[in-house]
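# Architecture at a glance
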Amino acid sequence: MMRDAWVIAKKDLTIEFRTRSGILSALVFALLGLVIFYYAWDPTAVASIDLAPGVLWVVFTFSGLLGLNRSFAIEQSERAIDGLLASPASRSGIFLGKALANLVFVAVVQIVAIPALVLFYNFPIARIAIPLMGILLLAAIGLCAVGTLFSSMAVNTKLAELLLPMLALPFFVPIVIGAAQSTAKLLSGRPAIEAMPWLKLLLAFDLVFVLGCTLAYPFTIEE
Amino acid sequence: MKTWVLSIAAALAVAGTVIRAIFFTPFEVVQGPAQKIFYLHAPAAWVAFLAFGLVAIASALYLWLRDERLDRFAESSAEVGVVFTTVVLITGPLWGKPIWGTYWTWDARLTLTLFLWFIYVGYIVLRGAIDDHSMRARYSAVLGILGAFLIPFIHLSVYLFRTLHPMPIVLKPSAPSLPGEMLTTLLMSFLSFTLLYAAFLQARYRLAGERDVVEAAADAR
């Protein structure tokens, strides 16, 4: 199963690397988001550092949605998904591979967006770099598990990519709240222990939904 | 025929509860008449949770047994649940304005109810966006089950913010701290709303069955 997942992920990332259309639009979207959010508040009333965690996680979520939408859309042309399903790869392997490719996609967007956040919002990255990486990873795993499943469902509906945000965003609520709160706690220099309940919440979310979505995926593709 | 019996019984029970709540139940000392909205708000919230719980159970059973009736049940219960959640979301702010001084506050339970509403509105939109019967049933069953898993997470995450909502009065470890007359009215309202849920569910379920018959006939032609 893990080998299948790896092969599928490599296939998706190769397509993404050769076309670069999805990742470029997500990157530009993330950068634009950072800039636009800055002007949505009065900078004399709210310090940019207070905005930063919220902006980071909203941009993270929405740019993630862009990648998730593409994940199964690329399998729609010429019914490529049928080929995938007919291949000897296991169903859960296909799901985990897709989710893994999305995880890499989200990570690449963050690798560019975080330095931009540091630059634009004067974000003191050095102080919290390592815990922030942990929060990012936990949040991205949950986001990709749920998002990949709903992406596979949304492409087969009449609404196609319009449906994904409607289905996925309520599921991202605990992720965004947990990640933004723990980031804010760390930023304000509170002891790390205060961020622990939020991190536990993120970890529990990941465990439940990676397992739940992997088990649910086969039900969404039977013919 | 049977639909009539249940609907009329539910209508009478709700009317009786409302009359009792308005005319024969004493005012609460601090909140005055505003408190009477509880006899709508609390039972509507109970029915919403009941409805969504049953959606999850019917969804899981559908994926196991593949009986179309379970899918129709889940579809009907989700829709009725959204109606009752809407009632909760309307009556809550109406009470909140005189008592809390604001229609809306980002309190844990308000936020949870709002997101419940979003999840199951999404569920209904998902159903509307798929024509194929089997696919619609499987997709919505997956969402119905995952939605139930999501609820504790949303609850926990919004609860870690502070909560303003009144604590449970009836279902708590010690004895209910409500005067007898109010307690009777409240229990009556729970009972009559559950009856109302059953009546709505029955009507909606029958509609779903008839629709499937018509669609099957149209497909056969």
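Each value, and the rule that gives it
Residues numbered from 1 in each chain as written. Chains lettered and ligands numbered in written order. Predicted model: local features only at pLDDT ≥ 70, side-chain atom pairs only at ≥ 80, totals over all residues. Heavy atoms only, no water. Helix = DSSP H or I, 4+ residues; strand = E, 2+ residues; numbered from the N terminus. Buried < 20%, exposed > 50% of the residue type's maximum accessible area, 1.4 Å probe, protein only. Contact = heavy atoms within 4.5 Å. Areas by Shrake-Rupley, 256 points an atom, 1.4 Å probe, with all protein chains shown as cover. Lys, Arg positive; Asp, Glu negative; His and termini not counted. Charge placed at Lys NZ, Arg CZ, Asp CG, Glu CD. Core = buried A, V, L, I, M, F, W, Y, C linked by side-chain atoms within 4.5 Å. Phe/Tyr/Trp six-rings, centres within 6.5 Å; stacked < 30°, edge-to-face > 60°. Disulfide = S-S within 2.5 Å. Axes fitted to C-alpha atoms, helices over the stretch in contact; angles between N-to-C directions. Parallel < 35°, antiparallel > 145°, perpendicular 65-115°, else oblique. Nonpolar A, V, L, I, M, F, W, Y, C, P; charged D, E, K, R; others polar. Buried area = accessible area lost by both parts, 1.4 Å probe. Salt bridge = Lys/Arg side-chain N within 4 Å of Asp/Glu carboxyl O. Polar contact = N/O pair within 3.5 Å; in protein donor to acceptor, adjacent residues only side chain to side chain. Patch = residues over 30% accessible without salt bridge, like charges linked within 9 Å, V, L, I, M, F, W, Y side chains within 5 Å. pLDDT = per-residue confidence, 0-100. Expected span 1.5 Å × (residues − 1). Bend = angle between axes of the 7 residues up to and from the residue.

## Considerations on the overall build of chain B
Along the backbone of chain B there are six helices and zero strands. Reading the secondary structure of chain B in the N-to-C direction produces α-α-α-α-α-α. C-alpha atoms of chain B, sized along the principal axes, occupy 65 × 45 × 30 Å. In chain B, which comprises 221 residues, the proportion classed as buried is 44%. In chain B, 78% of the contacts between residues at least 6 apart in sequence involve partners at least 24 apart. For chain B, the accessible area works out to roughly 11300 Å², and carbon and sulfur atoms hold 74% of it. With 17 positive and 14 negative side-chain charges, chain B shows a spacing of 6 Å between the two charge centroids.

## With respect to the nonpolar core
Core analysis: the largest hydrophobic core is formed by 115 residues, its most contacted members being A:Trp57, A:Leu149, A:Phe150, A:Phe209, B:Phe84 and B:Tyr120. Here this core gets 14 residues from one element, more than from any other, and that element is helix H6 (residues 125-154) of chain A. Among residues more than four places away in sequence, those in contact with A:Phe209 are A:Ala145, A:Val146, A:Phe171, A:Thr214, B:Leu146, B:Phe149, B:Leu150 and B:Phe153.

## Details of the packing of aromatic side chains
All names here are of chain B. Under the defined criterion, the tally for this structure stands at 20 aromatic pairs over all chains. Look at Phe84 and Phe200: their rings are 6.1 Å apart centre to centre, the planes differ by 45°, and that puts the pair in the tilted class. In this pair, Phe84 is assigned in helix H3 (residues 68-100) and Phe200 in helix H6 (residues 180-220), connecting sequence segments 116 residues apart. Exposure remark for Phe84: the relative accessible area of 3% places this residue in the buried category. Here Phe200 falls in the partly exposed class, since its relative accessible area comes to 37%. For the pair Tyr120 and Tyr123, a centre-to-centre distance of 6.2 Å together with 50° between the ring planes defines the contact as tilted. Residue Tyr120 and its partner Tyr123 are located together in helix H4 (residues 108-128), separated by three residues, close to a single helical turn. Of the two residues, Tyr120 and Tyr123, neither departs from the other in class, the shared state being buried.

## A closer look at the state of the cysteines
Residue and element names in this part refer to chain A. This model, assessed by the stated rule, comprises zero disulfides over all chains. Distance from the sulfur of Cys144, which forms no disulfide, to the nearest cysteine sulfur (Cys213) is 11 Å. The exposure class assigned to Cys144 is buried, which follows from its relative accessible area of 1%.

## Looking at the packing of H6(A) against helix H7 (residues 163-187) of chain A
Residues and elements named next belong to chain A. Their axes nearest at 9 Å, the elements H6 and H7 cross at an angle of 175°. It follows that H6 is roughly antiparallel to H7 by the angle criterion. Class assignment for the residues of the contact of H6 with H7 results in 19 nonpolar, five polar and one charged.

## Focus: the environment of A:Ile111
Along the polypeptide, A:Ile111 turns up in helix H5 (residues 91-121). On a C-alpha basis, the gap between A:Ile111 and A:Leu27 in space is 9.8 Å, while along the polypeptide they are 84 residues apart.

## Some words on the interface of chain A and chain B
Taken together, the contact pairs 31 residues of chain A with 28 residues of chain B. Together chain A and chain B conceal approximately 2600 Å² of surface at their shared face, both sides included; 81% is due to carbon and sulfur atoms. Linking chain A with chain B are one salt bridge, by the criterion used here. A salt bridge links B:Asp131 to A:Lys158; the nearest nitrogen and oxygen atoms lie 3.2 Å apart. The tally of links between chain A and chain B comes to five residue pairs in polar contact (both at pLDDT 80 or more). Listed by contribution, the elements that provide at least two residues to the side of chain A that touches chain B are H6, H7 and helix H8 (196-221) of chain A. With 13 residues, the single largest contributor to the side of chain A that touches chain B is H8(A). Of the residues assigned to the side of chain A that touches chain B, the class counts are 23 nonpolar, six polar and two charged.

## A look at unusual backbone geometry
All names here are of chain A. Despite not being glycine, Asn122 has its phi angle at roughly 55°, a positive value. On the basis of relative accessible area, Asn122 is assigned to the exposed category, the value being 64%. Even without a glycine there, the phi angle at Ala160 is positive, about 45°. Assignment of secondary structure puts Ala160 in the loop between H6 and H7.

## Some thoughts on a nonpolar patch on the surface
All names here are of chain B. A contiguous nonpolar patch, built from Val18, Ile19, Ile22, Phe23, Phe24 and Leu40 and spanning about 590 Å² of accessible area, is present on the exposed surface. If you tally residues by element for the nonpolar patch, the top one is helix H1 (residues 2-23), at four residues. Counting through the fold element by element, Leu40 comes out in helix H2 (residues 38-65).

## Some details on the confidence of the model for chain A
Residues at a pLDDT of 70 or more form 100% of chain A, whose mean pLDDT is 89. The lowest-confidence element of chain A is helix H4 (residues 80-86) of chain A, averaging 84 in pLDDT; the highest-confidence one is H8(A), averaging 93.

## Describing helix H5 (residues 133-159) of chain B
Residue and element names in this part refer to chain B. Its 27 residues give H5 an end-to-end C-alpha distance of 38 Å, which sits within 8% of 39 Å, the value for a rise of 1.5 Å per residue. The principal kink in H5, of about 25°, is found at Leu150, preceding the proline Pro152 by one to four residues. Counting buried positions along H5 gives 19 out of 27 residues, so the element sits mostly inside the fold.

## With respect to the pattern of salt bridges
Applying the stated rule across the entire model yields 16 salt bridges over all chains. A salt bridge links A:Arg70 to A:Glu16; the shortest N-O distance between them is 3.4 Å. With a gap of 54 residues between them, A:Arg70 in helix H3 (residues 48-73) and A:Glu16 in helix H1 (residues 2-19) connect regions that are remote in the sequence. A single network of salt bridges, built from pairs that share partners, joins B:Glu68, B:Asp71, B:Arg72, B:Glu75, B:Glu79, B:Arg127, B:Arg204, B:Arg211 and B:Asp212.

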